[in-house]
2 protein chains.
Amino acid sequence: MRIEYPHRHERFGAVRIHELTQVIEIDSGLGGAAEQAVIGGRRVHHVPATAINGIERRMAVVVPTKNERRKVIEGVLSGIPHDCTIVLVSASAREPIDRYGLETALLDDLASATGRTAVAVHQFDPGVAAAAAAGGLIDLAPDGAIAPGKGEAMVLAMAITETLGLDHVGFVDADNYIPGAVHEYTKSYAAGLHLATSAFAMVRISWQSKPKVTDGRLVFNRWGRTSQVTNHFLNLVLSTYTGFGTEVIKTGNSGEHAMSMELARRLRFAGGYAVEPFEFVEMFEQFGGAFASPHPEVNRSLIDVFQVETRNPHFHEDKGENHVSGMRTQALHALFHSKVCPDSVRAEICEFLEGEGAVQPGCEPRAETIYNGIVGLDSERFGRYLTKADTFRAFNR
Amino acid sequence: MRIEYPHRHERFGAVRIHELTQVIEIDSGLGGAAEQAVIGGRRVHHVPATAINGIERRMAVVVPTKNERRKVIEGVLSGIPHDCTIVLVSASAREPIDRYGLETALLDDLASATGRTAVAVHQFDPGVAAAAAAGGLIDLAPDGAIAPGKGEAMVLAMAITETLGLDHVGFVDADNYIPGAVHEYTKSYAAGLHLATSAFAMVRISWQSKPKVTDGRLVFNRWGRTSQVTNHFLNLVLSTYTGFGTEVIKTGNSGEHAMSMELARRLRFAGGYAVEPFEFVEMFEQFGGAFASPHPEVNRSLIDVFQVETRNPHFHEDKGENHVSGMRTQALHALFHSKVCPDSVRAEICEFLEGEGAVQPGCEPRAETIYNGIVGLDSERFGRYLTKADTFRAFNR
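Residues numbered from 1 in each chain as written. Chains lettered and ligands numbered in written order. Predicted model: local features only at pLDDT ≥ 70, side-chain atom pairs only at ≥ 80, totals over all residues. Heavy atoms only, no water.

A. Just the overall build of chain A, in detail. Looking only at helices and strands, chain A has 13 helices and 17 strands in total. Radius of gyration (C-alpha) of chain A: 20 Å, near the 21 Å computed for a compact globule of 397 residues. Once the C-alpha set of chain A is aligned to its principal axes, its extents read approximately 55 × 55 × 55 Å. Counting across all 397 residues of chain A, residues that qualify as buried make up 62%. The long-range fraction of contacts in chain A, counting pairs at least 24 apart against all pairs at least 6 apart in sequence, stands at 74%. Within the structure as shown, chain A displays about 14,300 Å² of accessible surface, and the carbon and sulfur contribution to it stands at 49%. When the 39 positive and 48 negative side-chain charges of chain A are each reduced to one mean point, those points stand 3 Å apart. (Helix = DSSP H or I, 4+ residues; strand = E, 2+ residues; numbered from the N terminus. Rg over C-alpha atoms; globule rule 2.2 N^0.38 Å. Buried < 20%, exposed > 50% of the residue type's maximum accessible area, 1.4 Å probe, protein only. Contact = heavy atoms within 4.5 Å. Areas by Shrake-Rupley, 256 points an atom, 1.4 Å probe, with all protein chains shown as cover. Lys, Arg positive; Asp, Glu negative; His and termini not counted. Charge placed at Lys NZ, Arg CZ, Asp CG, Glu CD.)

B. Spatial organisation of the nonpolar core. Among the nonpolar cores identified, the biggest contains 106 residues, and Leu 77, Ile 80 and Val 172 of chain A together with Leu 77, Ile 80 and Val 172 of chain B are the most heavily contacted of them. Contact partners of Ile 80 of chain A, with chain neighbours within four places excluded, come to Val 61, Val 63, Ile 86, Arg 116, Val 172 and Val 182 of chain A together with Asp 27 of chain B. (Core = buried A, V, L, I, M, F, W, Y, C linked by side-chain atoms within 4.5 Å.)

C. Just helix H2 (residues 70-79) of chain B, in detail. When you tally the buried positions in H2 of chain B, you get seven out of 10 residues, the bulk of the element. Among the residues making up H2 of chain B, those that are buried are Val 72, Ile 73, Gly 75, Val 76, Leu 77, Ser 78 and Gly 79 of chain B.

D. Looking closely at the environment of Asp 143 of chain B. All names here are of chain B. Among the structural elements, Asp 143 can be located in the loop between helix H4 (126-134) and helix H5 (150-163). Using a relative accessible area of 72% as the deciding quantity, one classes Asp 143 as exposed. Taking the C-alpha atoms as reference, Asp 143 lies 9.5 Å from Ala 133; in sequence the two are 10 residues apart.

E. Region of interest: the packing of aromatic side chains. Residue and element names in this part refer to chain A. Within the structure shown, the criterion is met by 13 aromatic pairs over all chains. Relative to Phe 284, the ring of Phe 12 has its centre 5.0 Å away and its plane inclined at 55°; by these criteria the two rings are tilted. Of this pair, Phe 12 sits in strand E2 (residues 9-12) while Phe 284 sits in helix H9 (residues 275-287), placing them 272 residues apart in sequence. We note that Phe 12, like Phe 284, is buried. Ring pairing ties together the aromatic residues Phe 12, Tyr 241, Phe 280 and Phe 284, which thus form one cluster. Over the aromatic face of Phe 336 sits the side chain of Arg 346, whose NZ or CZ is 5.6 Å from the ring centroid. (Phe/Tyr/Trp six-rings, centres within 6.5 Å; stacked < 30°, edge-to-face > 60°. Lys NZ or Arg CZ within 6 Å of the ring centre and 35° of its normal.)

F. Main features of the state of the cysteines. Counted according to the given criterion, the structure contains two disulfides over all chains. Disulfide pairing places Cys 350 of chain A opposite Cys 363 of chain A at an S-S distance of 2.2 Å. Measuring handedness by torsion sign, the sulfur bridge of Cys 350 of chain A and Cys 363 of chain A sits at about -75° and is left-handed. Of this pair, Cys 350 of chain A sits in helix H12 (residues 343-355) while Cys 363 of chain A sits in the loop between H12 and strand E16 (370-371), and the two are 13 residues apart along the sequence. On the accessibility criterion, Cys 350 of chain A (13% relative accessible area) is buried. In this structure Cys 341 of chain B is a free cysteine whose sulfur lies 9.3 Å from that of Cys 350 of chain B, the closest cysteine sulfur available. (Disulfide = S-S within 2.5 Å.)

G. The arrangement of the interface of chain B and chain A in detail. Of the residues lining the interface, 44 residues belong to chain B; the matching set on chain A comes to 45 residues. Both faces combined, the contact of chain B with chain A buries some 3,700 Å², and carbon together with sulfur accounts for 62% of it. Taken together, chain B and chain A are joined by six salt bridges. We note a salt bridge from Glu 74 of chain A to Arg 311 of chain B, for which the minimum N-O separation is 3.4 Å. Along the contact surface separating chain B from chain A lie 18 residue pairs in polar contact (both at pLDDT 80 or more). Where the side of chain B that touches chain A is concerned, the elements lending two or more residues are strand E3 (15-25), strand E5 (42-46), helix H1 (49-56), H2, helix H3 (99-114), helix H6 (179-195), strand E11 (210-214) and strand E12 (217-221) of chain B. (Buried area = accessible area lost by both parts, 1.4 Å probe. Salt bridge = Lys/Arg side-chain N within 4 Å of Asp/Glu carboxyl O. Polar contact = N/O pair within 3.5 Å; in protein donor to acceptor, adjacent residues only side chain to side chain.)

H. How the structure looks around the relation of the copies chain B and chain A. Overlay of chain B on chain A (RMSD 0.0 Å): rotation 180°, translation along the axis 0.0 Å. Accordingly, the operation relating the two chain copies is best matched by a two-fold axis. Both copies contact each other with a shared surface, as 100% of the interface residues of chain B are interface residues in chain A too. (Least-squares fit on C-alpha atoms with pLDDT ≥ 70 in both.)

I. Focus on the pairing of strand E10 (residues 200-207) of chain A. Residue and element names in this part refer to chain A. The element E10 is extensively covered by neighbouring structure, given that eight of its eight residues are classed as buried. Burial of E10 is two-sided: the residues Phe 200, Met 202, Arg 204 and Ser 206 facing one way and the residues Ala 201, Val 203, Ile 205 and Trp 207 facing the other way are all buried. Here three bridges tie E10 to strand E13 (residues 257-260), and the two strands are oriented antiparallel to one another. Within E13, the position partnered with Arg 204 by the bridge is His 257. (Pairing = 2+ DSSP bridges.)

J. Up close: the pattern of salt bridges. Residue and element names in this part refer to chain A. In this structure the tally under the stated criterion is 44 salt bridges over all chains. Its salt-bridge partner being Arg 2, residue Glu 25 comes within 2.9 Å of it at the nearest N-O pair. In this pair, Glu 25 is assigned in strand E3 (residues 15-25) and Arg 2 in strand E1 (residues 2-5), connecting sequence segments 23 residues apart. By the burial criterion, Glu 25 is buried, and Arg 2 matches it.

K. View of the packing of helix H2 (residues 70-79) of chain A against helix H6 (residues 179-195) of chain A. All names here are of chain A. Put simply, H2 and H6 touch, their axes get as near as 7 Å, and they point 40° apart. Note on packing geometry: the crossing formed by H2 with H6 is right-handed. Across the interface between the two elements, Gly 75, Val 76, Ser 78 and Gly 79 of H2 pack against Pro 179, Val 182 and His 183 of H6. Residues of the contact of H2 with H6, tallied by class, amount to three nonpolar, four polar and no charged. (Axes fitted to C-alpha atoms, helices over the stretch in contact; angles between N-to-C directions. Left-handed = near helix turned anticlockwise from the far one by under 90°. Nonpolar A, V, L, I, M, F, W, Y, C, P; charged D, E, K, R; others polar.)

L. Just the environment of Val 119 of chain A, in detail. Residues and elements named next belong to chain A. By the secondary structure assignment, Val 119 is in strand E8 (residues 118-122). Of the residues examined, Val 119 reaches a relative accessible area of 2% and is grouped as buried. Sequence separation of Val 119 and Glu 282 is 163 residues, and the distance between their C-alpha atoms is 28 Å. Ignoring anything within four residues of it in the chain, the contact list for Val 119 reads Ile 86, Val 87, Leu 88, Leu 107, Ile 160, Leu 164, Phe 392, Arg 393, Ala 394 and Arg 397.

M. Spatial organisation of the side chain of His 168 of chain A. Take His 168 of chain A: it is sitting in strand E9 (residues 168-171). Contact partners of His 168 of chain A, with chain neighbours within four places excluded, come to Ile 55, Arg 58, Met 59, Ala 60, Thr 161, Leu 193, Met 259, Ser 260 and Met 261 of chain A.

N. Layout of the pairing of strand E15 (residues 303-310) of chain A. All names here are of chain A. Along E15, eight of the eight residues are buried, which leaves the element largely enclosed by surrounding structure. Burial along E15 is two-sided: the residues Ile 303, Val 305, Gln 307 and Glu 309 and Asp 304, Phe 306, Val 308 and Thr 310 are all buried. Pairing of E3 with E15 involves six bridges; the strand directions are parallel. Residue pairing across strands places Ile 17 opposite Val 305, the latter belonging to E15. Sheet topology note: the E10/E15 ladder contains eight bridges and is parallel. Each bridged residue has a counterpart across the sheet, and for Ile 205 the counterpart in E15 is Val 308.

Next up, the structure:
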């Protein structure tokens, strides 16, 4: 892959957020060493196929699924590079049709046709919740059950990734119509993780465009409104601390993202759809320098956050306005309640949420659930219990 | 890439048409030897990245353009694997804005950022026509000008590919919204050309689905009507000769296809939109065994025609009903006038065209222009003239 190397970044304590960079070539061939060329003021970085493959071999690609259509999931799986380990976490219905059964049958077909490695669990399996509790993730399974929600699925998937002994974790949504986009996301994750100069690294995807049907024809929008709102408030926090206005954050809501397990095992995660924007909030809070950090080794190093604009449009199932508005408010709730959020930004959030009719006047946004993540995971014990769970499936392991 | 290996094929003389096969994994990793596994009755073939790359290094990927949007072309180019040589043949307007200038500027940027090789010409450049004439392609430039049309652009591109000394030529349309699909097409070309047991080989792409906006929402259709009509008549010809009904041909109109130059330099090509279906007609006529072949070496060997169903949907600019209906009738005209077309099929074609209102009663479909292709090309002379043409551009050569 050839990728533009970012010129500029914003720094908030240990957190280095690089400006958005673009994919130049999805496939840069098999030859050639790692190199940087400066062309017309642009730094273009060649990440050789061998370097990308080296990351892929140590990366889990997590596919959270929830009643997506079989053909769509099959396409998504076909786009994930072979050497990545697939981790499917399903919150799909099991009745009247066992959709989880359909999903694992797809994985079984793929794994036996290709020899590739995959693991699957169902999020609502009591045996999986028991494994989380046994592994020390007490808050993830408070009453013997893991709550529904994307953040919850992601924490579970990171515990599995840690137990598999892998070094990186990436996420791709199961509702993507374009297998080639999934392929490009994964290559971008690997390229970014390879380029990071720190062991603590994150890669977040921004889309070139997001096609939408408007008045019976396709329009390629650049940014969704939800992203604009989330990015605005995250940038506002950043500006308030640094004293300089910024628009550096373009990927606040990015569901498509990856990180090193070194970073993942030091972060808390929000439940539901607050999970992706909260990663920024959490990094600011823990590693921004405004508060003492529970992980001072990170502050002595830094966190490299890359933002990559892929070539493929993001073309996924339309879940309707409720879904999107839920994403937006959950993100702002989580930001509001963070101690890193300045009062001035809290006031603006309230104003915005009141305008949307999402809070009562007097504004006290709901506190989203924040999980301790996999800090303190006993992966040996978690793994031992997990393999006994009813819905646990492992292919070619 | 992992790809289903076809179980069945139809044979018409030297022409071996394999049934449609599916892409299993877009990226099968860097490791692993070529191997075939039989799973649940399916033969899955692993084509190693090194084998694919070996084909790519000897393949031109031709992008015929005609006033496509800049962003779309840029995406298409970013999806073509690095080691392929890009051949851009433009029929775009040069006034009031020089769109060819925009296109070559894109190529220039890409080539300098990546070091990749590309060549561009404008189809209506008198210097390019002069080169064709000087190279012996008399029928391509009858009056000092190359006619507009996709077939014409393709013949010109094949002459350039031959002059560059490359062994394979593949075509991708410039109006594709999904760079990842372009990437998958090219990988599929290389995989098919690698799997072919004959030096005479062709790979034709079929799409998993073709999204369309219907009643304000997206519908994923499996086959377009034009494809259905073209495939029906091509299969009918096949059935008439073999005596067995067949539906093996699924890629009659496939604009996305590739072939070995060993095959390309032995075929005639139709002008305009008849070009892709006419390739089948031409192979049947020359190598079906019903008539003496001008290239008996092919009949002593065989032509391997693979049909590959890619994972990505085909998601391109909607050119409207006129464009599609033109494609349909041109294909049928060319078939009608071929000596390989049985009278019974001619009668059905007439019936169909009359039903469409595309011919007068009494039916005499228009004869499409058939070019001799690059048979007899003097590539040294062609190349010498071409490099002097005003619009000729070469990058990193």
